[in-house]
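If you want the building blocks of each chain, they are given just below.
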Amino acid sequence: MLQHTVRRLGMVAFLLLAGTATVQAQVGPGTQWTKDGYGYMSTKNDEIVQLDARDPSKSVTLISKAQLTPVGQSAPLKVRRFAFSDNGRQVLLNTNTKKVWRYDTRGDYWVYNLDGNKLTQLGKGRPESSLMFAKFSPDGSKVAYVSEHNLYVENLADNTITPLTTDGTTGLINGTFDWVYEEELDCRDGFRWSPDGQKLAYWQLDATKTRNYLMLNTTDALYPFTVPVEYPVVGEDPSRCRIGVVPVAGGATKWMDVPGDAVQHYIPRMEWAGANELILQQLNRRQNESKLMLATAATGAVRPVYSETDKAWIDAKDGAVGWNWIDGGKSFVWSSEKDGWRHLYNVDRKGKATLLTKGDYDVISLENINEKEGKIYFMASPTNATQTYLYQVPLKGGKAVRVTPQNLAGSHSYDVSPNGKIALHNYSSAAVYPVSDVVSLPAHQRLNGGETPEQAKSMKMPKVEFFQVKTADGVTLDGWMIKPNNFDPAKKYPIVFYVYGEPASQTVTDRFGTGFNRLYQGNMAEDGYIYASLENRGAPAPRGREFRKAIYHNIGSLNIRDQAMGAKEVLKNSFVDTSRVAVWGWSGGGSSTLSLLFQYPQIYKTGISIAAVDNQLNYDNIYQERYMGLVPEDKHYFVDNSPLAHAKNLRGNLLLIHGTGDDNVHYNNAEQMINELVKNNKTFQLMAYPNRTHGISEGEGTSRHLAATYTKFLKENCPPGAR
């Protein structure tokens, strides 16, 4: 399951289409800004161009189609990502990319030299599409990359390649990560150039003891065959993790002497803290102790800098690449929930922490540090957890001031220029189609853009109503509802609840796409459904630590009760037909759907569960242990709160949907649930999609068939229309 920045794939697929989540992943260098911070580079019509952010009509072609066409070929490279060297005279081009689990992080790399007008492919002799995370050295003379779990450095003057590690295998991983680190800690790019360009620091994971989950492919060959996925379930040891520093000229790796058992910990973050020093974050196996350490690259000696504990869990540093150094590297900006709210602190190298964002509100994310003007920009929404706005606070700390104009209610995102003076800005709400523009900071004056896209003019937006309910437990929950067209309050309508319910994502957000349902063929409002969603405790909403972490040990219990008690309040409306109540969700939402149907059959009559974790002991160790504890001592939490434990209580209509090729939430979840339902003589419907992964999108006609199956079952078991 992905973190609060990017969540389980099935859920992500829906949130993307619903506009309720922005997926950010460590898969590329990000916006390539010009040195002055007023322009940026982009690909356009198979060329690389430089745009003036303030005036998009000012466009300069930096590398043409002809220049991007390799010798002997007739078409230019299809550039997926690119990055300029520090002096701007060379550009690294990523092409022919292939997926590694979720994202296309391996491929081919080329370098174009603007001075020599020369295009050169890197990694000659390496397998096609095998290079990962290629990066220029600080002086631009070399490029380092990973290929087949080993690190290499290539000299650009003569393209000689130096292997820095040679022991990499499918189980011993250098410079990148195993499945679970990538999935749950957002770790992909696993090496860093030293500031002097003489060394590389890198992660090494030993996953050789991690057992494979064997998925069975029964359709792509005459005889079935297994597809192995390294996958540490709850209770299984993580990969041994360590940090090493190796000279770029080649030679022995110096391993950092990080204290503790290298297996029973995680190192989710690491960066250089100077020419000869590293900084890293270490989490214990329970993930409720976070330690920041400085390591001397030459000797491996490590000293502690700053530590925290929490009764529930502590997240890895937001942002898997980079460290927010200030004051010439004497201190850094750090996020912590230790006072009950997610705040920013200035932490010096001795561990002294100074609060910067004082107040009863959460910092959602750090956006930019403008040291020259003494400002920090961050996202927050102190009074409405469904929205997001830009704020600024003095770098020395103080009162936060909202930068986003008051009249733009909804959800915003900003890509702030390094100079802190302008930002690429996106805005939407449940009633406003996404609009992109460029704004000045901190005045937030529009410099260009802001036009409503043509497709928005003919698009029928759902009429989303936001509300709050107070449950019998005294908990206030946010929610949204879309009423049927031609709504008559004197009549009764069926209601369909959309649920996620776990710490990986919000569903109640005021942004474009909220209320959309891509699985429903037709228009729910036109057909006479009420469509709604509630946000339970445990969701990553900016409502303080207690709201988010109340779910510790309680996935499948507290979140389910919140949803059910919230639904009871909604069902008190006279226009809701309590005999026609449905719930559906995907991934964590599929799990919540099952738990609601089993634990509260008096409320929910119909459920559609897609790609659910039916047994929490089946899921990966990093995610499930973070929120539920460790086995054997905490095993009862996993068992008692899993849908499997309550399957005997099914009374309503259930449709189970799962892909047999799901490498995230494995198909054994569905089969264990099938067995339990059969044992208890509970009838249900099942749709298994052969070899489809967690998103159930592969194969001709799959998405259409999934939607048809969903819609047919819903209409048959929770008929639409007023009564």
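Residues numbered from 1 in each chain as written. Predicted model: local features only at pLDDT ≥ 70, side-chain atom pairs only at ≥ 80, totals over all residues. Heavy atoms only, no water.

- Under the annotation held in an unreviewed UniProt entry, the protein chain carries the name Dipeptidyl-peptidase-4 and is attributed to Hymenobacter gelipurpurascens.

## Considerations on the overall build of the protein chain
Right, on to step 1. Per the secondary structure count, the protein chain includes 11 helices and 43 strands.
Right, on to step 2. A compact globule built from 723 residues would reach a C-alpha radius of gyration of about 27 Å, and the protein chain, at 26 Å, matches this within 12%.
Right, on to step 3. In the protein chain, which comprises 723 residues, the share counted as buried stands at 59%.
Right, on to step 4. Residue pairs in contact within the protein chain that sit at least 24 positions apart in sequence constitute 59% of those at least 6 positions apart.
Right, on to step 5. Looking at the protein chain as shown, the accessible area adds up to about 28,800 Å², and 49% of this sits on carbon and sulfur atoms. (Helix = DSSP H or I, 4+ residues; strand = E, 2+ residues; numbered from the N terminus. Rg over C-alpha atoms; globule rule 2.2 N^0.38 Å. Buried < 20%, exposed > 50% of the residue type's maximum accessible area, 1.4 Å probe, protein only. Contact = heavy atoms within 4.5 Å. Areas by Shrake-Rupley, 256 points an atom, 1.4 Å probe, with all protein chains shown as cover.)

## Observations concerning the nonpolar core
Right, on to step 1. Within the largest apolar cluster, 48 residues are counted, with the highest numbers of intra-cluster contacts made by Tyr 181, Trp 203, Ile 243 and Leu 278.
Right, on to step 2. Where this core is concerned, the elements lending two or more residues are helix H2 (179-185), strand E15 (199-206), strand E16 (212-217), strand E18 (240-247), strand E20 (265-272), strand E21 (277-284), strand E22 (289-296) and helix H8 (621-628).
Right, on to step 3. Residue-level mapping places this core at the junction of two domains, with at least three residues from each of domain 2 (166-323) and domain 4 (464-717).
Right, on to step 4. With sequence-adjacent residues up to four places away left out, Tyr 181 is seen in contact with Asp 186, Cys 187, Leu 205, Cys 241, His 265, Tyr 266, Ile 267 and Ile 622.
Right, on to step 5. Grouped together as the second largest cluster of nonpolar side chains are 39 residues, Ile 530, Val 581, Leu 644 and Ala 670 included. (Core = buried A, V, L, I, M, F, W, Y, C linked by side-chain atoms within 4.5 Å. Domains from an automatic or database assignment.)

## Examining helix H7 (residues 588-599)
Every α-helical turn comprises 3.6 residues, leaving residues that sit three or four positions apart pointing alike.
Right, on to step 1. In this model, H7 (12 residues) spans 16 Å end to end at C-alpha, consistent with the 16 Å of a helix rising 1.5 Å per residue.
Right, on to step 2. Judged by how many residues are buried, H7 sits mostly within the fold: 11 of 12 residues are covered.
Right, on to step 3. All buried positions along H7 are accounted for by Gly 588, Gly 589, Gly 590, Ser 591, Ser 592, Thr 593, Leu 594, Ser 595, Leu 596, Leu 597 and Phe 598.
Right, on to step 4. Tucked inside the fold, the buried residues of H7 contact helix H6 (558-570), strand E40 (576-586), strand E41 (606-610), strand E42 (653-659) and helix H10 (668-679). (Expected span 1.5 Å × (residues − 1).)

## Description of the domain arrangement of the protein chain
Right, on to step 1. The domain architecture assigned to the protein chain consists of domain 1 (23-163), domain 2 (166-323), domain 3 (331-444) and domain 4 (464-717).
Right, on to step 2. Computed from C-alpha atoms alone, the centre-to-centre distance between domain 1 and domain 3 is 31 Å.
Right, on to step 3. Each partner contributes to the interface: domain 1 provides seven residues, whereas domain 3 provides nine residues.
Right, on to step 4. Between domain 1 and domain 3, roughly 670 Å² of surface is buried when both sides are summed, and carbon and sulfur atoms account for 66% of that area.
Right, on to step 5. For domain 1, the biggest contributors to the area lost against domain 3 are Trp 33, Tyr 38 and Ala 53; these three give 62% of the whole.
Right, on to step 6. Across the domain 1-domain 3 interface, the total number found is zero salt bridges.
Right, on to step 7. Counting across the interface, domain 1 meets domain 3 through three residue pairs in polar contact (both at pLDDT 80 or more). (Buried area = accessible area lost by both parts, 1.4 Å probe. Salt bridge = Lys/Arg side-chain N within 4 Å of Asp/Glu carboxyl O. Polar contact = N/O pair within 3.5 Å; in protein donor to acceptor, adjacent residues only side chain to side chain.)

## Here we look at the side chain of Asp 634
Right, on to step 1. Residue placement: Asp 634 occurs in the loop between H8 and helix H9 (635-640).
Right, on to step 2. Here Asp 634 falls in the buried class, since its relative accessible area comes to 8%.
Right, on to step 3. Each residue touching Asp 634, except ones within four places of it in the same chain, is listed here: Arg 286, His 553, Met 628 and Gly 629.

## Considering the packing of aromatic side chains
Right, on to step 1. One pass over the structure, following the stated rule, counts 28 aromatic pairs.
Right, on to step 2. Here Trp 323 and Trp 334 contribute two aromatic rings whose centre-to-centre distance is 5.5 Å and whose plane-to-plane angle is 25 degrees, an arrangement assigned as stacked. In this pair, Trp 323 is assigned in the loop between strand E23 (302-309) and strand E24 (325-326) and Trp 334 in strand E25 (residues 331-336), connecting sequence segments 11 residues apart.
Right, on to step 3. Counting every residue linked through ring pairs, the aromatic cluster contains Trp 179, Tyr 231, Trp 313, Tyr 552, Tyr 619, Tyr 623 and Tyr 627.
Right, on to step 4. Seen from the ring of Trp 255, Arg 242 lies directly overhead, with NZ or CZ sitting 3.7 Å from the centre.
Right, on to step 5. Sitting above the plane of the Trp 313 ring, Lys 549 keeps its charged end 5.4 Å from the centroid. (Phe/Tyr/Trp six-rings, centres within 6.5 Å; stacked < 30°, edge-to-face > 60°. Lys NZ or Arg CZ within 6 Å of the ring centre and 35° of its normal.)

## Side note on the UniProt feature "domain: Peptidase S9 prolyl oligopeptidase catalytic" (unreviewed entry) in the protein chain
Right, on to step 1. Using the residue numbers shown here, the UniProt feature "domain: Peptidase S9 prolyl oligopeptidase catalytic" (unreviewed entry) corresponds to residues 524-717.
Right, on to step 2. Annotated as 39% helix and 18% strand, the span residues 524-717 places its first and last C-alpha atoms 15 Å apart. (UniProt positions renumbered as here; feature names shortened; annotations may be inferred.)

## Details of the sheet that holds E21
Right, on to step 1. Pairing within the open sheet is antiparallel, and its four strands lie in the order E20-E21-E22-E23. The open sheet has two edge strands, E20 and E23, and neither has a second partner. Shown here is a sheet whose adjacent strand axes are inclined to one another by a mean of 20 degrees, direction ignored.
Right, on to step 2. Relative to E22, E21 runs antiparallel, the two sharing seven bridges. Bridge pairing links Ile 279 to Leu 294 in E22. (Pairing = 2+ DSSP bridges. Axes fitted to C-alpha atoms, helices over the stretch in contact; angles between N-to-C directions.)

## A short note on the environment of Tyr 345
Right, on to step 1. Structurally, Tyr 345 is set in strand E26 (residues 343-348).
Right, on to step 2. Tyr 345 sits in the buried class, given a relative accessible area of 5%.
Right, on to step 3. In the structure, Tyr 345 is positioned 214 residues away from Leu 131 in sequence and 38 Å away in space, judged by C-alpha atoms.
Right, on to step 4. With sequence-adjacent residues up to four places away left out, Tyr 345 is seen in contact with Phe 332, Val 333, Trp 334, Ser 336, Lys 338, Asp 339, Ala 353, Thr 354, Leu 355 and Leu 356.

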